[in-house]
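# Residue-level structural notes
Spelled out, the chains give:
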Amino acid sequence: MQTAARWTLLAIFLAMLGASAIAPWPYDRQFREETAAAPSARHPLGTDALGRDRLSRLLYGGRISILLAPAAALVSVSIAILMACGAALLGGWWERVASALIDLFLSLPWLFLLLAVRGLLPLNTSPGVSLGVTFALLGLLGWAGPARVMMAAAKRQLESDYILMARASGCGTWRLAAAHLAPNLAPVTLAQFWTTAPAFLLSEANLALLGLGIAEPLPSWGSLLRELSNVTLVPQQPWLAAPLVLLVITLGCCQLARAADEYSL
Amino acid sequence: MTLLSVRISVDYPGKRDAVDQVAFDIGEGEVFGLAGDSGSGKSTIALAILRLIEMRGGRVRGEIRFRGRDLSHCRERELRQVRGSEMSLVMQSPASALNPALRLETQFREAWSNHAKAPWREARPGVVALLRQMGLPCDDEFLKRYPSQVSVGQAQRVVIAMAMVHGPKLIIADEPTSALDPGSRGEILALLRKLNLERGTAILYISHDLPSMQELCHRIGVLRDGKLLSCQQVTRETTSLVSVV
Amino acid sequence: MTEIPARGAAGGSQPVRSNTRSGKLAAAAARRLSALLLTVVASVVLGAALVRLAPGFGMDERQMDLRLNEESLAAMRAQGQSTGILTACRDYLSGLARGDWGVSVALGRPVRELMADRAGLTVRNLAGGLVLAWALSLAVGFALAVARRRAWDTSVTLLTGGLLCIPTGIVALVFLYFAAPSAWALAAVLFPRIFRYVRNILQDSARRPHVLAARARGCGRLALVWRHVSVPSLPELFALVGVSLSMAVGAIIPVEALCDSPGVGQLVWQSAMGRDLPVLMHATVLVAVVTCAANLFSDTARALVTREV
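Computed from a predicted structure; not experimentally measured. (Residues numbered from 1 in each chain as written. Chains lettered and ligands numbered in written order. Predicted model: local features only at pLDDT ≥ 70, side-chain atom pairs only at ≥ 80, totals over all residues.)

### Looking at the overall build of chain A
What chain A contains, in helices and strands, is eleven helices and zero strands. Mapped in sequence order, the helices and strands of chain A form the string α-α-α-α-α-α-α-α-α-α-α. Looking at the 265 residues of chain A, the share that counts as buried comes to 41%. (Helix = DSSP H or I, 4+ residues; strand = E, 2+ residues; numbered from the N terminus. Buried ≥ 20, exposed ≤ 12 C-beta atoms within 10 Å, placed from the backbone.)

### Observations regarding the overall build of chain B
Helix and strand counts for chain B stand at ten helices and ten strands. By the compact-globule yardstick of 18 Å for 245 residues, chain B fits well, its C-alpha radius of gyration being 18 Å. Across its three principal axes, chain B shows a C-alpha extent of roughly 50 × 45 × 35 Å. In chain B, which comprises 245 residues, the proportion classed as buried is 46%. Residue pairs in contact within chain B that sit at least 24 positions apart in sequence constitute 68% of those at least 6 positions apart. (Rg over C-alpha atoms; globule rule 2.2 N^0.38 Å. Contact = placed C-beta atoms within 7 Å.)

### Overview of the sheet that holds strand β7 (residues 170-174) of chain B
Residue and element names in this part refer to chain B. An order of β6-β7-β8-β3-β9-β10 is seen for the six strands of this open sheet, with the pairing classed as mixed. At either margin of the open sheet sits one strand with a lone partner, and together these are β6 (87-90) and β10 (227-233). In this sheet, neighbouring strand axes are inclined to one another by 15° on average, regardless of whether the strands run parallel or antiparallel. Examined bridge by bridge, strand β3 (residues 31-36) and strand β8 (residues 202-207) share five bridges and lie parallel to one another. For alanine 35, the partnering residue across the bridge sits in β8 and is serine 207. The strands touched by helix α1 (residues 42-49) are β3, β6, β7, β8 and β9 (219-224); relative to β7, the strand with the most contacts, the crossing angle is about 150°. (Pairing = 2+ DSSP bridges. Axes fitted to C-alpha atoms, helices over the stretch in contact; angles between N-to-C directions.)

### Thoughts on the packing of helix α3 (residues 54-90) of chain A against helix α7 (residues 144-158) of chain A
Residues and elements named next belong to chain A. Here α3 crosses α7 at 35°, and the two axes come no closer than 8 Å. Handedness of the α3/α7 crossing: right-handed. Contact with α3, carried on its side by Ser76, Val77, Ala80, Ile81, Met83, Ala84, Cys85, Ala87 and Ala88, involves Pro146, Ala147, Met150, Met151, Ala154, Lys155 and Leu158 of α7 and no other residues of that element. Across the contact of α3 with α7, the residue classes break down as 14 nonpolar, one polar and one charged. (Left-handed = near helix turned anticlockwise from the far one by under 90°. Nonpolar A, V, L, I, M, F, W, Y, C, P; charged D, E, K, R; others polar.)

### Considering the environment of leucine 36 of chain C
Residues and elements named next belong to chain C. Mapped onto the secondary structure, leucine 36 falls in helix α1 (residues 18-53). A residue is classified by how many C-beta atoms lie within 10 Å of it, and leucine 36, with 18 of them, is partly exposed. Placed 253 residues apart in sequence, leucine 36 and valine 289 show a C-alpha to C-alpha distance of 6.5 Å. When neighbours within four sequence positions are excluded, leucine 36 is seen to be in contact with Val289, Cys292, Ala293 and Leu296.

### Some remarks on the pairing of β6 of chain B
The two faces of the sheet receive side chains in turn, since in a regular strand these alternate between them. Residue and element names in this part refer to chain B. Alternating residues of β6 divide into Met87 and Leu89 and Ser88 and Val90, and every residue in both groups is buried. Pairing analysis gives four bridges linking β6 to β7, with the strands arranged parallel. Across the sheet, residue serine 88 finds its bridge partner in β7, namely isoleucine 171.

### Remarks on the sheet that holds strand β5 (residues 69-70) of chain B
Residues and elements named next belong to chain B. Strand order in the open sheet made by the four strands is β2-β1-β4-β5, with antiparallel pairing throughout. The two strands at the open ends of the sheet, each matched to only one other strand, are β2 (15-27) and β5. As paired elements, strand β1 (residues 2-12) and strand β4 (residues 59-66) share eight bridges and run antiparallel to each other. Within β4, the residue paired with aspartate 11 across the bridge is arginine 59. This element, α1, spans β1, β2 and β4 of the sheet and lies at about 65° to β2.

### Some details on the nonpolar core
Ranked by size, the top nonpolar core spans 198 residues in total, and within it Ala84 of chain A together with Leu190 of chain C carry the most contacts. At 18 residues, α3 of chain A tops the list of elements feeding residues into this core. Residues in contact with leucine 190 of chain C, not counting those within four places in the same chain, are Gly129, Leu130, Ala133, Ser244, Met247, Ala248 and Ala251 of chain C. (Core = buried A, V, L, I, M, F, W, Y, C linked by C-beta atoms within 7 Å.)

### A word on helix α7 (residues 182-206) of chain C
Helix length check: α7 of chain C (25 residues) gives 35 Å between terminal C-alpha atoms against 36 Å at 1.5 Å per residue, within 8%. For α7 of chain C, a buried count of 20 out of 25 residues is recorded, marking the element as mostly surrounded by other parts of the structure. (Expected span 1.5 Å × (residues − 1).)

### Examining helix α4 (residues 92-107) of chain A
Between its first and last C-alpha atoms α4 of chain A spans 23 Å; for 16 residues at 1.5 Å apiece the expected length is 22 Å, and the two agree. Buried within α4 of chain A are the following residues: Ile102, Phe105 and Ser107 of chain A.

### Some remarks on the packing of helix α8 (residues 209-216) of chain C against helix α9 (residues 221-230) of chain C
All names here are of chain C. One way to put it is that α8 packs onto α9 with a least axis distance of 10 Å and a crossing angle of 150°. The angle between α8 and α9 falls in the class roughly antiparallel. Judged by the sense of rotation from one axis to the other, the crossing of α8 with α9 is right-handed. Judged by residue contacts, His210, Val211, Ala214 and Arg215 of α8 engage Leu224, His228 and Val229 from α9. Class assignment for the residues of the contact of α8 with α9 results in four nonpolar, two polar and one charged. (Parallel < 35°, antiparallel > 145°, perpendicular 65-115°, else oblique.)

### Some words on the environment of glycine 220 of chain C
Along the polypeptide, glycine 220 of chain C turns up in the loop between α8 and α9. In this structure, the C-alpha to C-alpha distance between glycine 220 of chain C and valine 146 of chain C, residues 74 residues apart in sequence, is 9.9 Å.

### Re the pairing of β8 of chain B
All names here are of chain B. β8 sits mainly inside the fold: six of its six residues count as buried. Alternating residues of β8 divide into Ala202, Leu204 and Ile206 and Ile203, Tyr205 and Ser207, and every residue in both groups is buried. Here β7 pairs with β8 via five bridges, running parallel. From the neighbouring strand, alanine 173 faces β8, where its bridge partner is tyrosine 205.

### Some points on the environment of valine 128 of chain B
In this fold, valine 128 of chain B is placed in helix α5 (residues 120-133). Judged by the 17 C-beta atoms lying within 10 Å of it, valine 128 of chain B falls in the partly exposed class.

### So, the confidence of the model for chain B
Mean pLDDT over chain B stands at 87; residues scoring 70 or higher make up 96%. Taken element by element, the predicted model of chain B shows its lowest mean pLDDT in helix α10 (residues 238-244) of chain B (36) and its highest in β8 of chain B (94). (pLDDT = per-residue confidence, 0-100.)

### Describing unusual backbone geometry
For aspartate 225 of chain B, which is not glycine, the phi dihedral falls at a positive 50°. With respect to the helices, strands and loops of the structure, aspartate 225 of chain B is situated in the loop between β9 and β10. Not every positive phi belongs to a glycine, and aspartate 260 of chain C is a case in point at roughly 60°.

Set out below in structure tokens:
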């Protein structure tokens with residue numbers, strides 16, 4: 001089950017990466033004569049209200065979502081590991097400050113802040129900027145959860161005997177961190193990455209469903225989901241749900257790809 | 001008269017024969033010791049006899065005859081009738097054997113009502129007398145305490161008292177003194193000996209501490225890597241018997 | 001045969017600790033209160049900073065109007081940029097203290113009024129959603145712990161896993177389609193998350209040694225799960241209440257927005273779309289306060305219930 005999930009994820013990832021090769025049309029090309037068309041050989045998933053090919057937008061959108069969510073997760077987890085290691089190693093006052101900072105960030109209503117900033121971007125923002133801002137914000141605001149877990153893990157590691165031995169043989173703090181602590185924190189870091197990346201994917205989807213996602217004409221899975229807000233249409237046009245299905249499969253595989261006994265949030 | 005006759009092997013997922021064809025008998029009123037290092041399978045045997053090893057993921061193969069009944073093929077309902085009333089368990093750490101969120105009286109009450117229909121107020125005096133025999137304070141104040149409010153030695157006596165509430169024929173004591181300080185250790189050993197002599201309760205005494213076992217047990221079996229190596233009678237001077245008591 | 005002397009009276013700690021215990025509780029409450037104030041200030045500062053630094057700050061739709069000439073645009077831009085971060089913060093904080101929450105740019109009404117109008121509905125939505133989600137989580141968690149059947153466990157895990165993959169907005173849209181109340185949509189969003197936590201807590205509790213000991217005493221299944229698994233988990237469950245409130249507050253925005261429920265969540269969404277800074281700032285502060293208060297409550301409740309001294 002786990003291997004199947006991992007292979008599926010890899011397949012999706014590669015398919016999205018190769019979007020420019022696979023997609024039949026550019027994502028912003030409008031077929032004015034074929035707006036809101038049903039699926040056909042030319043447009044396997046039909047076209048949207050502006051006549052753009054859905055399959056191409058799905059592929060290009062997937063590329064954006066699948067590359068940027070992990071990138072933001074990487075930012076978050078990197079900040080988290082630096083905070084965790086730094087606080088645990090320096091100890092004492094620094095650790096208390098770090099703990100307090102983490103608690104603060106965790107209780108901040110980051111969704112509101114995200115909405116506020118994203119909403120306050122001017123209407124003529126370039127799509128690239130909105131893209132960068134959205135995912136940068138996710139990365140910068142989402143480090144607190146992983147940091148808390150990793151700080152607990154770092155403290156536990158520092159209490160073990162091999163650290164004591166390293167210090168006893170004169171190992172300096174930085175070297176201790178890099179050579180001894182970091183490798184042992186790798187499993188926790190990986191687990192946090194695998195939790196955070198899907199969470200960011202979901203966050204972007206939620207933001208986009210609210211109309212505050214990436215600016216047009218850049219597609220992302222979230223903004224494609226926006227077409228589903230016209231709920232009554234969906235039963236008649238089930239192909240509209242394609243991005244949802246793909247998103248659910250991807251997220252499901254992320255859950256299954258983790259260790260079998262880790263079905264936790 | 002054989003009280004318990006065990007012939008079992010236990011498998012864990014990923015480890016077959018964690019206990020490999022261990023066979024021994026315990027007679028009525030006998031104290032049988034099982035000695036071995038950590039990892040030799042002692043606790044596994046203790047839990048397997050009570051068919052609780054399934055809770056830890058293990059599987060029992062073989063035969064467990066207790067008072068003529070084969071426990072290895074009994075259903076959960078029948079097993080529950082045996083546990084606590086005919087056969088009791090005393091674990092290593094008294095603090096973790098008691099529910100930290102409930103008062104001692106509540107836990108005694110539950111131990112009582114598991115197997116008896118009579119209301120608690122009828123049984124309470126008997127239990128209080130039991131506490132006195134265990135060397136515990138038997139006032140109301142003590143019963144209203146939480147497990148965290150009594151000392152470790154007292155807690156272990158409470159656990160033994162709870163095990164004795166229904167007068168079981170056999171107590172399985174899994175390293176009952178390992179978590180105690182030396183003073184309490186001697187007292188618990190003396191208590192177990194007293195139960196054996198006064199009430200005829202058989203004891204399966206599991207430990208890695210041979211000297212204490214030689215004081216308490218009639219026979220000792222040695223366990224290593226899941227196999228029972230030997231079973232020996234323990235010879236004692238009568239004088240040392242009196243001095244312990 | 002001599003009696004074994006009672007070691008009892010001297011040993012064991014005496015229950016004369018009510019003073020220090022309530023003292024500890026008071027100290028913890030004070031710590032949490034100061035954390036609350038700090039969070040309010042921090043969220044205002046952080047929010048104002050982010051907003052001030054955002055590329056769109058100081059601009060509004062009027063600048064998009066092609067009819068305005070270059071000078072007017074420049075003047076407007078200068079006016080917008082003149083407010084520094086600290087000044088903005090100071091203004092908001094003093095306004096907050098005074099009770100003047102500013103006026104909504106988009107709707108033209110005092111923010112306080114807007115919030116008050118919509119607060120009732122949001123509170124009802126939140127309460128309904130949380131109560132439903134918790135009731136379901138506890139019921140299913142308890143049932144799974146009693147039944148002890150692997151097949152049931154796996155199927156519920158897969159189901160909740162699947163629900164976790166669906167964006168909140170989509171869940172809201174599904175409930176909208178069936179014309180169901182938005183509280184139910186919120187419950188559907190919260191249930192898989194709360195249930196997973198509850199299940200983990202109960203499973204950890206079931207692995208503790210006293211549960212094995214109780215079972216060895218012949219304890220029945222129902223009593224086992226209630227008295228020995230659930231009751232000792234109460235502290236952690238109380239802690240989860242605070243977390244679940246934070247989750248609910250986060251989820252209420254998409255739910256109210258997409259289910260067309262005119263509460264505070266919808267207001268915030270509309271303000272974000274309409275780029276209405278005063279409303280957004282005050283909503284942020286309000287949410288921060290509510291979250292901290294919830295954490296304070298659940299921490300205190302947990303301390304009161306915990307028997308670990």
